[in-house]
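Each chain, letter by letter, is given below.
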Amino acid sequence: MRTIFAMLLALAAAAPSPDDSLYRALGEKQGIARLVDALLDRVYADPRINDLFKHVDRPDLARLVGEHFCHETGGPCEYTGRSMTDTHSGLAIKAKEFDAFVEDLVDAMEALDLPTRTQNRMLKHFAPMRAEIIDQ
Ligand code: HEM
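Here the structure is a predicted model, which means the values were calculated and not measured.

(A) Highlighting the nonpolar core. In terms of nonpolar packing, the biggest core is built from 30 residues, with Leu26, Ile32, Leu35, Phe69 and Met122 touching the most fellow members. Listed by contribution, the elements that provide at least two residues to this core are helix H2 (21-25), helix H3 (28-44), helix H4 (58-72), helix H6 (95-111) and helix H7 (116-126). The element contributing the most residues to this core is H3, with seven residues. Those residues in contact with isoleucine 32 that lie beyond four places of it in its chain are Tyr23, Leu26, Gly66, Phe69, Cys70 and Thr73.

In C-alpha coordinates:
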(Lines give C-alpha, C1' and ligand atoms only; values in the text may rest on other atoms or scores of the structure.)
Protein backbone atom coordinates (compact mmCIF):
# COMPACT_ATOMS: atom_id res chain seq x y z
CA MET A 1 0.00 0.00 0.00
CA ARG A 2 2.74 2.42 1.02
CA THR A 3 4.73 1.55 -2.09
CA ILE A 4 1.75 2.24 -4.34
CA PHE A 5 1.19 5.55 -2.57
CA ALA A 6 4.85 6.49 -3.00
CA MET A 7 4.68 5.53 -6.68
CA LEU A 8 1.58 7.66 -7.21
CA LEU A 9 3.28 10.60 -5.50
CA ALA A 10 6.33 10.20 -7.70
CA LEU A 11 4.14 10.03 -10.81
CA ALA A 12 2.22 13.14 -9.82
CA ALA A 13 5.48 14.99 -9.25
CA ALA A 14 6.90 13.86 -12.60
CA ALA A 15 3.83 14.58 -14.74
CA PRO A 16 3.91 18.13 -16.07
CA SER A 17 0.80 19.70 -14.59
CA PRO A 18 -0.62 22.32 -16.91
CA ASP A 19 -0.39 25.82 -15.48
CA ASP A 20 -3.96 27.05 -15.20
CA SER A 21 -3.16 29.97 -12.88
CA LEU A 22 -3.99 32.65 -15.46
CA TYR A 23 -7.27 30.88 -16.28
CA ARG A 24 -8.14 30.90 -12.57
CA ALA A 25 -7.03 34.53 -12.15
CA LEU A 26 -9.49 35.49 -14.89
CA GLY A 27 -12.32 33.89 -12.92
CA GLU A 28 -12.50 30.65 -14.93
CA LYS A 29 -15.24 30.14 -17.56
CA GLN A 30 -17.64 32.67 -16.03
CA GLY A 31 -14.98 35.35 -15.67
CA ILE A 32 -13.78 34.74 -19.22
CA ALA A 33 -17.35 35.01 -20.57
CA ARG A 34 -17.67 38.36 -18.78
CA LEU A 35 -14.32 39.54 -20.13
CA VAL A 36 -15.15 38.54 -23.72
CA ASP A 37 -18.49 40.31 -23.44
CA ALA A 38 -16.85 43.49 -22.11
CA LEU A 39 -14.21 43.28 -24.87
CA LEU A 40 -16.77 42.81 -27.66
CA ASP A 41 -18.92 45.65 -26.27
CA ARG A 42 -15.93 47.91 -26.79
CA VAL A 43 -14.77 46.45 -30.11
CA TYR A 44 -18.23 46.67 -31.70
CA ALA A 45 -18.49 50.30 -30.52
CA ASP A 46 -14.93 51.28 -31.52
CA PRO A 47 -15.00 53.38 -34.71
CA ARG A 48 -11.28 52.62 -35.26
CA ILE A 49 -12.01 48.94 -35.91
CA ASN A 50 -15.72 48.15 -35.86
CA ASP A 51 -16.08 48.15 -39.65
CA LEU A 52 -14.13 44.89 -39.64
CA PHE A 53 -16.80 43.31 -37.43
CA LYS A 54 -19.82 44.59 -39.37
CA HIS A 55 -20.81 41.21 -40.74
CA VAL A 56 -19.46 39.07 -37.90
CA ASP A 57 -22.04 37.24 -35.79
CA ARG A 58 -21.33 38.40 -32.25
CA PRO A 59 -22.54 35.29 -30.36
CA ASP A 60 -20.41 33.04 -32.60
CA LEU A 61 -17.37 35.27 -32.15
CA ALA A 62 -17.92 35.47 -28.39
CA ARG A 63 -18.04 31.67 -28.15
CA LEU A 64 -14.85 31.21 -30.20
CA VAL A 65 -12.86 33.97 -28.47
CA GLY A 66 -14.03 32.58 -25.11
CA GLU A 67 -12.82 29.08 -26.03
CA HIS A 68 -9.54 30.54 -27.28
CA PHE A 69 -8.89 32.61 -24.11
CA CYS A 70 -9.81 29.63 -21.95
CA HIS A 71 -7.58 27.19 -23.83
CA GLU A 72 -4.65 29.64 -24.10
CA THR A 73 -4.69 30.48 -20.38
CA GLY A 74 -4.57 26.82 -19.35
CA GLY A 75 -8.29 26.21 -18.83
CA PRO A 76 -10.16 22.98 -19.59
CA CYS A 77 -11.52 24.08 -22.99
CA GLU A 78 -11.10 22.85 -26.51
CA TYR A 79 -10.65 25.62 -29.09
CA THR A 80 -12.79 24.74 -32.11
CA GLY A 81 -12.01 27.79 -34.27
CA ARG A 82 -9.47 28.44 -37.00
CA SER A 83 -5.81 29.33 -36.47
CA MET A 84 -4.98 32.98 -35.79
CA THR A 85 -3.28 33.26 -39.21
CA ASP A 86 -6.14 31.65 -41.17
CA THR A 87 -8.72 33.74 -39.30
CA HIS A 88 -7.12 37.13 -39.71
CA SER A 89 -5.01 36.93 -42.87
CA GLY A 90 -7.74 38.06 -45.26
CA LEU A 91 -8.70 41.03 -43.10
CA ALA A 92 -5.67 43.25 -43.85
CA ILE A 93 -5.43 44.31 -40.18
CA LYS A 94 -3.03 47.22 -39.66
CA ALA A 95 -0.70 47.62 -36.66
CA LYS A 96 -2.79 50.59 -35.48
CA GLU A 97 -5.93 48.45 -35.58
CA PHE A 98 -4.23 45.74 -33.56
CA ASP A 99 -3.24 48.38 -30.99
CA ALA A 100 -6.84 49.67 -30.84
CA PHE A 101 -8.07 46.11 -30.15
CA VAL A 102 -5.49 45.74 -27.35
CA GLU A 103 -6.60 49.09 -25.87
CA ASP A 104 -10.18 47.80 -25.86
CA LEU A 105 -8.98 44.64 -24.11
CA VAL A 106 -7.15 46.65 -21.42
CA ASP A 107 -10.21 48.86 -20.97
CA ALA A 108 -12.40 45.75 -20.57
CA MET A 109 -10.00 44.24 -18.00
CA GLU A 110 -9.96 47.55 -16.09
CA ALA A 111 -13.77 47.69 -16.11
CA LEU A 112 -13.86 44.20 -14.56
CA ASP A 113 -11.29 45.25 -11.94
CA LEU A 114 -8.83 42.54 -12.91
CA PRO A 115 -5.56 43.00 -11.00
CA THR A 116 -2.71 44.66 -12.89
CA ARG A 117 -0.65 41.48 -12.65
CA THR A 118 -3.41 39.49 -14.36
CA GLN A 119 -3.78 42.17 -17.03
CA ASN A 120 -0.04 42.10 -17.68
CA ARG A 121 -0.02 38.32 -17.92
CA MET A 122 -2.83 38.48 -20.51
CA LEU A 123 -0.92 41.06 -22.56
CA LYS A 124 2.30 39.08 -22.32
CA HIS A 125 0.52 35.95 -23.53
CA PHE A 126 -1.48 37.48 -26.39
CA ALA A 127 0.85 40.28 -27.62
CA PRO A 128 3.15 37.84 -29.48
CA MET A 129 0.16 36.81 -31.65
CA ARG A 130 0.43 40.28 -33.23
CA ALA A 131 2.71 38.89 -35.94
CA GLU A 132 0.10 36.28 -36.94
CA ILE A 133 -2.74 38.81 -36.91
CA ILE A 134 -1.50 41.99 -38.58
CA ASP A 135 -1.01 42.30 -42.31
CA GLN A 136 2.76 42.58 -42.76
C1 HEM B 1 -4.41 38.74 -29.70
C2 HEM B 1 -5.43 39.30 -30.34
C3 HEM B 1 -6.55 38.52 -30.97
C4 HEM B 1 -7.06 37.29 -30.66
C5 HEM B 1 -6.61 36.33 -29.56
C6 HEM B 1 -8.15 37.03 -31.60
C7 HEM B 1 -8.92 35.89 -31.61
C8 HEM B 1 -9.91 35.62 -32.52
C9 HEM B 1 -10.67 34.40 -32.59
C10 HEM B 1 -10.50 33.20 -31.64
C11 HEM B 1 -11.54 34.49 -33.61
C12 HEM B 1 -12.55 33.43 -34.10
C13 HEM B 1 -11.86 32.47 -35.05
C14 HEM B 1 -12.77 31.75 -36.01
O15 HEM B 1 -13.69 32.41 -36.55
O16 HEM B 1 -12.57 30.54 -36.25
C17 HEM B 1 -11.35 35.81 -34.21
C18 HEM B 1 -12.06 36.30 -35.26
C19 HEM B 1 -11.97 37.58 -35.73
N20 HEM B 1 -11.06 38.53 -35.34
FE21 HEM B 1 -9.63 38.29 -33.95
N22 HEM B 1 -8.27 38.10 -32.44
C23 HEM B 1 -7.33 39.03 -32.09
C24 HEM B 1 -7.12 40.25 -32.68
C25 HEM B 1 -7.92 40.80 -33.64
C26 HEM B 1 -7.79 42.16 -34.16
C27 HEM B 1 -6.68 43.13 -33.75
C28 HEM B 1 -8.80 42.34 -35.05
C29 HEM B 1 -9.16 43.56 -35.85
C30 HEM B 1 -8.84 44.78 -35.48
C31 HEM B 1 -9.55 41.10 -35.12
C32 HEM B 1 -10.63 40.88 -35.93
C33 HEM B 1 -11.33 39.69 -36.03
C34 HEM B 1 -12.46 39.49 -36.92
C35 HEM B 1 -13.08 40.53 -37.87
C36 HEM B 1 -12.87 38.16 -36.74
C37 HEM B 1 -14.02 37.44 -37.46
C38 HEM B 1 -13.48 36.79 -38.70
C39 HEM B 1 -14.55 36.02 -39.47
O40 HEM B 1 -15.62 35.72 -38.93
O41 HEM B 1 -14.26 35.70 -40.62
N42 HEM B 1 -8.99 40.18 -34.26
N43 HEM B 1 -10.35 36.46 -33.53
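Moving on from the model shown.
(B) Structural context of H6. Taking 1.5 Å of rise per residue, the 17 residues of H6 would be expected to cover 24 Å, and the 24 Å separating its terminal C-alpha atoms lies within 8% of that figure. Three or more residues of H6 are buried, namely Phe98, Ala100, Asp104, Leu105, Ala108 and Met109. Positive phi appears at aspartate 113, one or two residues downstream of H6, with a value of about 60°.

(C) Up close: the packing of H6 against H7. At their nearest, the axes of H6 and H7 sit 10 Å apart, and the two run at 155° to each other. By the angle between their directions, the pair H6 and H7 is classed as roughly antiparallel. Where H6 crosses over H7, the two elements pack in a sense that is right-handed. The residues of H7 that touch H6, namely those facing Val102, Leu105, Val106, Met109 and Glu110, are Gln119, Met122 and Leu123. Its residues assigned to classes, the contact of H6 with H7 shows six nonpolar, one polar and one charged.

(D) Region of the structure containing the pattern of salt bridges. Applying the stated criterion across every chain, the model contains 13 salt bridges. Here arginine 48 ties to aspartate 104 by a salt bridge, and the two come within 3.7 Å at their closest N and O atoms. Of the two residues, arginine 48 is situated in the loop between H3 and H4 and aspartate 104 in helix H6; the sequence distance between them amounts to 56 residues. You can call arginine 48 partly exposed: its relative accessible area is 44%. Residue aspartate 104 is classed as buried on the basis of its relative accessible area, which comes to 7%. A network of salt bridges, in which partner residues are shared, links Asp46, Arg48, Glu103 and Asp104.

(E) Broad picture of the site of the ligand. Among the 21 residues in the neighbourhood of the ligand, the closest are listed as Phe53, Tyr79, Arg82, Thr87 and His88. The backbone of arginine 82 places a nitrogen or oxygen atom 2.8 Å from an oxygen atom of the ligand. Here histidine 88 contributes a side-chain N or O atom positioned 2.9 Å from a nitrogen atom of the ligand. Applying the majority rule of atoms within 2 Å of the grid points places the ligand in the largest pocket. Secondary structure elements with two or more residues in the shell around the ligand: H4, helix H5 (84-88) and H6. With four residues, H4 is the single largest residue contributor to the shell around the ligand. A class-by-class count of the residues in the shell around the ligand yields 15 nonpolar, four polar and two charged.

(F) Seen up close, the coordination of the iron atom of the ligand. Just one protein atom donates to the iron atom of the ligand; it is His88 (NE2), sitting 2.1 Å from the metal. Of note, histidine 88 is situated in helix H5.

Reading guide: rules and limits
- Residues numbered from 1 in each chain as written.
- Predicted model: local features only at pLDDT ≥ 70, side-chain atom pairs only at ≥ 80, totals over all residues.
- Heavy atoms only, no water.
- Core = buried A, V, L, I, M, F, W, Y, C linked by side-chain atoms within 4.5 Å.
- Buried < 20%, exposed > 50% of the residue type's maximum accessible area, 1.4 Å probe, protein only.
- Helix = DSSP H or I, 4+ residues; strand = E, 2+ residues; numbered from the N terminus.
- Contact = heavy atoms within 4.5 Å.
- Expected span 1.5 Å × (residues − 1).
- Axes fitted to C-alpha atoms, helices over the stretch in contact; angles between N-to-C directions.
- Parallel < 35°, antiparallel > 145°, perpendicular 65-115°, else oblique.
- Left-handed = near helix turned anticlockwise from the far one by under 90°.
- Nonpolar A, V, L, I, M, F, W, Y, C, P; charged D, E, K, R; others polar.
- Salt bridge = Lys/Arg side-chain N within 4 Å of Asp/Glu carboxyl O.
- Near = heavy atom within 4 Å.
- Polar contact = N/O pair within 3.5 Å; in protein donor to acceptor, adjacent residues only side chain to side chain.
- 1 Å grid on protein atoms, 1.4 Å probe; cavity = no way out; pocket = protein on both sides within 12 Å on 5 of 7 lines; lining within 4 Å.
- Sits in = over half its atoms within 2 Å of the grid points.
- Donors = N, O, S within 2.8 Å, 3.2 Å for Na, K, Ca; no water.

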